[in-house]
Amino acid sequence: VQLQACGGGLVQAGGSLRLSCAASGRTFSSYDMAWFRQAPGKEREFVAGISWSGGNTYYAISVKGRFTISRDNAKNTVYLQMNSLKPEDTAVYYCARRSRYYSGHYSREHEYDYWGQGTQVTVSS
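Calculation criteria
- Residues numbered from 1 in each chain as written.
- Predicted model: local features only at pLDDT ≥ 70, side-chain atom pairs only at ≥ 80, totals over all residues.
- Heavy atoms only, no water.
- Buried < 20%, exposed > 50% of the residue type's maximum accessible area, 1.4 Å probe, protein only.
- Helix = DSSP H or I, 4+ residues; strand = E, 2+ residues; numbered from the N terminus.
- Pairing = 2+ DSSP bridges.
- Core = buried A, V, L, I, M, F, W, Y, C linked by side-chain atoms within 4.5 Å.
- Disulfide = S-S within 2.5 Å.
- Salt bridge = Lys/Arg side-chain N within 4 Å of Asp/Glu carboxyl O.

**Quick word on the pairing of strand 11 (residues 119-124)**
Working note: regular strand, side chains alternate between the two faces of the sheet.
Here is step 1: Side chains Thr119, Val121 and Val123 of strand 11 all project onto a buried face; the interleaved residues Gln120, Thr122 and Ser124 project onto a face where none is buried.
Here is step 2: By the bridge criterion, four bridges tie strand 2 (residues 9-12) to strand 11 in an arrangement that is parallel. Residue pairing in the sheet places Leu10 in a bridge with Thr122 of strand 11.
Here is step 3: With three bridges joining them, strand 9 (residues 91-98) and strand 11 adopt antiparallel strand pairing. Within strand 11, the residue paired with Ala91 across the bridge is Val121.

Structure representation (structure tokens):
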């Protein structure tokens, strides 16, 4: 399984970006997916998660109401629409696939067995 994230870039505060994560393999639709991020000098943190069907989503408090996670199982792709961006959103963003052993909350990093390479998001003030 390979996860390829893209869509990062430099944007001014208040702007928007849409991240994409394309997955290889034929079982993408069977797995929950999530986005995490890591800012310089900080630990990686959970951003948003989505169930295998797309019917359930879960967000970190810091992004709720500004970010939207979605997926297109026909395209093996998960998205993160980021609006009203703030300088504190600056980080490398990673997509991840959760192991099928787990369910419930999406924020536990150890539950994810495949990770993308990350895409840089920089928000200027």
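**Comments concerning the pairing of strand 7 (residues 67-72)**
Here is step 1: Along strand 7, the buried face is formed by Phe67, Ile69 and Arg71; none of Thr68, Ser70 and Asp72, which line the opposite face, is buried.
Here is step 2: In this structure, strand 7 lies alongside strand 8 (residues 77-82), joined through six bridges in antiparallel fashion. Bridged to Asp72 within strand 8 is Thr77.
Here is step 3: Remark: four residues form the turn of the hairpin made by strand 7 and strand 8, two consecutive strands paired antiparallel; Asn76 in that turn has positive phi of roughly 55°.

**Considerations on the nonpolar core**
Here is step 1: Grouped together as the largest cluster of nonpolar side chains are 34 residues, with contacts concentrated most on Trp35, Leu80, Met82 and Tyr93.
Here is step 2: Among the elements of the structure, strand 1 (3-6), strand 3 (17-23), strand 4 (33-38), strand 5 (45-50), strand 7, strand 8, strand 9 and strand 11 are those that each provide at least two residues to this core.

**Side note on the state of the cysteines**
Here is step 1: Summed over all chains, the structure comprises one disulfide.
Here is step 2: Not part of a disulfide, Cys6 finds its nearest cysteine sulfur in Cys21, a span of 8.4 Å.

**A few points about the pattern of salt bridges**
Here is step 1: One pass over the structure, following the stated rule, counts eight salt bridges.
Here is step 2: Residues Glu109 and Arg44 are paired through a salt bridge, measuring 2.8 Å at the closest nitrogen-oxygen approach. Of this pair, Glu109 sits in the loop between strand 9 and strand 10 (112-115) while Arg44 sits in the loop between strand 4 and strand 5; the two residues are 65 residues apart in sequence, bridging distant segments of the chain.
Here is step 3: Arg44 sits in the partly exposed class, given a relative accessible area of 26%.
Here is step 4: The residue Arg66 makes a salt bridge to Asp89 at a minimum N-O spacing of 2.8 Å. Of this pair, Arg66 sits in the loop between strand 6 (57-59) and strand 7 while Asp89 is found in the loop between strand 8 and strand 9, placing the two residues 23 residues apart along the sequence.
Here is step 5: With relative accessibility at 12%, the residue Arg66 sits in the buried group.
Here is step 6: Three or more residues are tied together by salt bridges with common partners; here these are Asp32, Arg98, Arg108 and Glu111.

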